[in-house]
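One letter stands for each residue in the lines below.
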Amino acid sequence: MALRPVSATLPLLLLTIALPANAAIRVVATFPDLADMTRQIGGERVDVVTIAEGNQDPHKVPVKPSFVTKLNRADAVVVMGLGLEHAFLPPLLEVARNAKIAPGESGYIDASLYVTPLEVPTSQNRTQGELHPLGNPHFNLDPVQGKLMARAIAEGLERVDPDGAQTYQAGLARYNALLDRKIAEWAKLAAPLRGVKAVSYHPDLIYLAERYGIELIGTIETKPGVPATPAHLEELIDAMKQHKTQLVVREVAYELPLAQTVAERTGARVVTISTLTGGLPGTDTYIDFIEANLRALVGALSTAGSP
């Protein structure tokens, strides 16, 4: 029986041996922001899939059976944290039965680890609406908090894949340098926002407002997660007129007509932003997402107050 030449067989054998060692770790990110950061930091060492889409309300992500399969096979799950995923992730993790990515395990990477939460409720009274017990979870809208998110993700990846520590540390350094450069640019871009009065649909702008000096007057929602009532809208409109509110910020996941009605009655201007990467066209990366939001807000100021 003829034998295959060693020169033809050896490369196949080496390839077979090398594949397991070089295989990317499988990561499930709950939101596109986290997925992009993970890819930026991990490069080819990570294979990342995302649960939610950028134009969805992060509080109301529909649960799909395909998510269970992704989580069952994952080496790590990256979450925003502060309870933002509470409506969909816990039941998915329970069904997925993957001990590696259970809360508290090495494969559970919480991007809020180094964030100092704002708006931590002093009580858990349900009459106050859908409060987050650990604080407001929308810190991703502030790029300075984005650096803290990236740090937590890099450390989590290194914990799951110690052999890739050098890759993750180098990836984090590159990403931090990019963020530092952009944060300086964004501070100049957003300078006109300081002192601007605005309302939003949902109470998700606090970190963005704190960073760039926006004064928040109220929300279209009566309470977090509670739809507007006629009485609440009248009170909000009166307050907006009193404070000469310039902007009505409509997050892309919420309806536009009501925001337009409020703006028309107050002389404010509606501006649409996203609360997640990918929520607006051309915002496939976290950097693009932050830039698009700031440009939209600043751009709206030139026409705020027009009928």
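Residues numbered from 1 in each chain as written. Predicted model: local features only at pLDDT ≥ 70, side-chain atom pairs only at ≥ 80, totals over all residues. Heavy atoms only, no water.

## Side note on the sheet that holds strand S5 (residues 197–200)
Sheet architecture is open: 4 strands sit in the order S6-S5-S7-S8, paired in parallel fashion. Of all strands in the sheet, those with a lone pairing partner are strand S6 (215–219) and strand S8 (269–273), marking the two edges. With direction set aside, neighbouring strand axes in the sheet form an average angle of 30 degrees. For S5 and strand S7 (residues 247–251), the ladder comprises 3 bridges, and the chain directions are parallel. Residue Ser 200 lies in a different strand from S7, and its bridge partner there is Val 249. Sitting on the sheet, helix H10 (residues 286–301) is in contact with S7 and S8, with an inclination near 170 degrees to S8. (Pairing = 2+ DSSP bridges. Helix = DSSP H or I, 4+ residues; strand = E, 2+ residues; numbered from the N terminus. Axes fitted to C-alpha atoms, helices over the stretch in contact; angles between N-to-C directions. Contact = heavy atoms within 4.5 Å.)

## Observations regarding the sheet that holds strand S2 (residues 46–50)
Read across the open sheet, the 4 strands follow the order S2-S1-S3-S4; overall the sheet is parallel. Edge positions in the sheet fall to S2 and strand S4 (108–110), since each has one partner strand and no second. On average, each strand axis in the sheet is inclined to that of its neighbour by 25 degrees, with strand direction left out of account. As judged from the 3 bridges shared by strand S3 (residues 76–79) and S4, these two strands associate in the parallel manner. Looking at the pairing, Val 77 lines up with Tyr 108 of S4. Packing of helix H5 (residues 143–160) onto the sheet brings it into contact with strand S1 (25–29), S2, S3 and S4, and relative to S4 it is tilted by some 165 degrees.

## Details of the confidence of the model for the chain
Looking at the chain as a whole, the pLDDT averages 91, with 89% of positions reaching at least 70. Here residues 1–20 scores under 50 on pLDDT; set against residues more than four positions off or in separate chains, the count is 3 contacts. (pLDDT = per-residue confidence, 0-100.)

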